[in-house]
Amino acid sequence: MEFKDRRDAGRALAKALEAWRGRPGVLVLALPRGGVPVAWEVARALGAPLDVLVVRKLGFPGQEEYAMGAIAPGGVRVMGEADAGWPVSARELEAVVAREQAELVRREQRYRGGRPPLDLAGRVLILVDDGLATGATMRAAVQAARAGNPKQVIVAVPVASTEAVQSLSALADEVVCLFTPEHFRAVGLWYQDFTQTSDEEVDRLLA
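Residues numbered from 1 in each chain as written. Predicted model: local features only at pLDDT ≥ 70, side-chain atom pairs only at ≥ 80, totals over all residues. Heavy atoms only, no water.

Colleague: What exactly am I supposed to notice about the nonpolar core here?
Modeller: Across soluble globular proteins, nonpolar side chains have a tendency to be buried as a group. Core analysis: the largest hydrophobic core is formed by 42 residues, its most contacted members being L13, L17, W20, I126, V128 and V159. With residues up to four places along the chain from it excluded, the contact list for V159 reads F3, D130, G131, L132, C177, F179, P181, F184, V187, W190 and Y191. If you look at the next biggest cluster of nonpolar residues, it comprises 29 residues, including L31, L120, L132 and L168. (Core = buried A, V, L, I, M, F, W, Y, C linked by side-chain atoms within 4.5 Å. Buried < 20%, exposed > 50% of the residue type's maximum accessible area, 1.4 Å probe, protein only. Contact = heavy atoms within 4.5 Å.)

Written as structure tokens, this is what we have:
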């Protein structure tokens, strides 16, 4: 399975979530930036409101594409299983956390503007991203969402590694994933167009 782009993936994902169309209390939460175009299509198809839950990956210094963990609002920090092979000192880790925390705040201010904090109590939350490699960012998102006392937390993605789906199945009430390739490697390999989503596109879709 290969998706044309994120919007195409969102339309396919929406079909798998059809049971939630028109149901009261559903809120679609996108993980920016790449999750926003996917989630926009899901929210439109389900007739549900769309908002963002800003999460930041903690990448290894010099190899930022590889996640050692993630942070989310409310002081949530999720780390992978540290082992002797981690070439990262405590000082280096805290520097990465500080940098990503600053970016998390910037994105929250930009994308959410003057809107009040999310009221998640009693809601059915559908957390959407464009794909999961390690699943660290989504694990952080689920933890942050749980703090708001929702009725249910559903993770929905077009593509993911088997390991990420397994780890999230233990945290979320339901995981909806269209495709778990046997040889996953990277999210972008399963999209014909995986151009980075811009702040401007996020602003436009949220508007």
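Colleague: So what exactly am I meant to see when it comes to the packing of helix 2 (residues 35-46) against helix 6 (residues 199-206) here?
Modeller: What describes two packed helices is the angle between their axes and the distance between those same axes. Direction vectors running N to C along helix 2 and helix 6 enclose 20°, while the axes themselves pass 9 Å from each other. Taken together, helix 2 and helix 6 sit at an angle that is classed as roughly parallel. Helix-helix and strand crossings are classified by hand; for helix 2 and helix 6 the assignment is left-handed. Residues V36, P37 and W40 of helix 2 form the contact with helix 6, whose participating residues are E201, V202 and L205. Residue composition of the contact of helix 2 with helix 6, grouped by class: five nonpolar, no polar and one charged. (Axes fitted to C-alpha atoms, helices over the stretch in contact; angles between N-to-C directions. Helix = DSSP H or I, 4+ residues; strand = E, 2+ residues; numbered from the N terminus. Parallel < 35°, antiparallel > 145°, perpendicular 65-115°, else oblique. Left-handed = near helix turned anticlockwise from the far one by under 90°. Nonpolar A, V, L, I, M, F, W, Y, C, P; charged D, E, K, R; others polar.)

Colleague: Quick question: what am I supposed to make of the layout of surface pockets here?
Modeller: Sizing a probe to match a water molecule and rolling it over the atoms shows the empty space that remains. Counted as a void, the largest pocket has a volume near 960 Å³. Lining the largest pocket are 33 residues, and of these K57, E65, D129, D130 and T137 sit closest to its centre. Secondary-structure elements contributing two or more residues to the lining of the largest pocket are strand 3 (56-60), strand 4 (63-72), helix 3 (90-112) and helix 4 (136-146). For the lining of the largest pocket, the leading source of residues is strand 4, giving four residues. When its residues are assigned to classes, the lining of the largest pocket shows 12 nonpolar, 10 polar and 11 charged. (1 Å grid on protein atoms, 1.4 Å probe; cavity = no way out; pocket = protein on both sides within 12 Å on 5 of 7 lines; lining within 4 Å. Points joined across faces, edges and corners; volume = space filled by probe spheres on them.)

Colleague: What's the story with unusual backbone geometry in this structure? I'm lost.
Modeller: Of the consecutive residues P32 and R33, the connecting peptide bond is found in the cis state with omega at 5°. With respect to the secondary-structure elements, R33 resides in the loop between strand 1 (26-30) and helix 2. Positive phi is not limited to glycine here, since N149 has a value of about 60°. In this structure, N149 sits in the loop between helix 4 and strand 7 (152-159).

Colleague: What's the story with the sheet that holds strand 5 (residues 76-79) in this structure? I'm lost.
Modeller: Pairing between sheet strands relies on hydrogen bonds along the backbone, with the strands arranged either parallel or antiparallel. Pairing is antiparallel in the open sheet, where three strands are placed in the order 3-4-5. Looking at the sheet topology across the chains shown, the edges are occupied by strand 3 and strand 5. In this sheet, adjacent strand axes meet at a mean angle of 40° when their direction is disregarded. Seen against the sheet, helix 3 touches strand 3, strand 4 and strand 5 and runs at an angle of roughly 150° to strand 3. Running at roughly 5° to strand 4, helix 4 makes contact with strand 3, strand 4 and strand 5 of the sheet. (Pairing = 2+ DSSP bridges.)

Colleague: So what exactly am I meant to see when it comes to the pairing of strand 8 (residues 174-179) here?
Modeller: On a regular strand, each side chain points to the face opposite its neighbour's, so the side chains alternate between the two faces of the sheet. Inspection of the sheet shows strand 7 paired to strand 8 by five bridges, in the parallel sense. Considered in strand 8, the bridge of I154 is made with E174. Chirality of the crossover, the property in question, places the unit of strand 7, helix 5 (residues 162-169) and strand 8 among those that are right-handed. (Right-handed = clockwise from strand over helix to strand, strands pointing away.)

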